[in-house]
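Geometric and topological summary
Each chain, letter by letter, is given below.
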Amino acid sequence: MTDDVRALAKRMYGAFNARDLAAAKTIFAADFVSHPLGTVGVDSVVKAWSGLHVMFPDIQVIVEDMLVDADKAAVRTSLHGIPAGVEEQALPSMMEIFRVRDGRIVELWGLSSLSRPGR
């Protein structure tokens, strides 16, 4: 199962970077829960991804480390393509943990160093 979880994580970040919003429906479960955003459903993923792509048109999420254990993955990423002045110090990063069921991401926890207006 760990290989499947790892492959799904790579698909998720690849879809985000390719702006492939339709892929979210094949990556996330219909009842997906995002704990950081307090949202449920695939449409919430599409909305979040779209918002980031509009705010930062050149954004790319680069996987730096990934640890997989059974049905869970912990992934540390760096965020590239953020314009100068938005994040002046270190390159923005995220730490996400997600759980997989039946080949889809069903739950996600995460922290980000990226400052977002209105948050």
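Before reading on, note that the structure itself is shown above.
Values in this document were obtained by computation on a predicted structure and should not be read as measured data.

Focus on the sheet that holds strand β3 (residues 60-69)
With mixed pairing, six strands are arranged side by side in an open sheet as β2-β1-β6-β5-β4-β3. At either margin of the open sheet sits one strand with a lone partner, and together these are β2 (39-40) and β3. Pairing of strand β5 (residues 93-101) with strand β6 (residues 104-112), which is carried by eight bridges, proceeds in the antiparallel orientation. Residue pairing in the sheet places Phe98 in a bridge with Leu108 of β6. Helix α1 (residues 2-17) rests against β1 (28-34), β3, β4 (72-80), β5 and β6 of the sheet, and its axis sits at about 165° to β3.

Structural notes on the nonpolar core
Ranked by internal contacts, the top residues of the largest apolar core, which has 31 residues, are Met12, Ile27, Phe28, Trp49, Phe98 and Ile105. The set of elements that each furnish at least two residues to this core consists of α1, α2 (24-27), β1, α3 (42-55), β3, β4, β5 and β6. When residues in this core are grouped by element, the largest group, seven residues, is from α1. Look past the residues within four positions of Ile27 in its chain and what remains in contact with it is Leu8, Arg11, Met12, Ala15, Arg104 and Ile105.

What counts and what doesn't
- Residues numbered from 1 in each chain as written.
- Predicted model: local features only at pLDDT ≥ 70, side-chain atom pairs only at ≥ 80, totals over all residues.
- Heavy atoms only, no water.
- Pairing = 2+ DSSP bridges.
- Helix = DSSP H or I, 4+ residues; strand = E, 2+ residues; numbered from the N terminus.
- Contact = heavy atoms within 4.5 Å.
- Axes fitted to C-alpha atoms, helices over the stretch in contact; angles between N-to-C directions.
- Core = buried A, V, L, I, M, F, W, Y, C linked by side-chain atoms within 4.5 Å.
- Buried < 20%, exposed > 50% of the residue type's maximum accessible area, 1.4 Å probe, protein only.

Keep in mind these values describe shape, not function.
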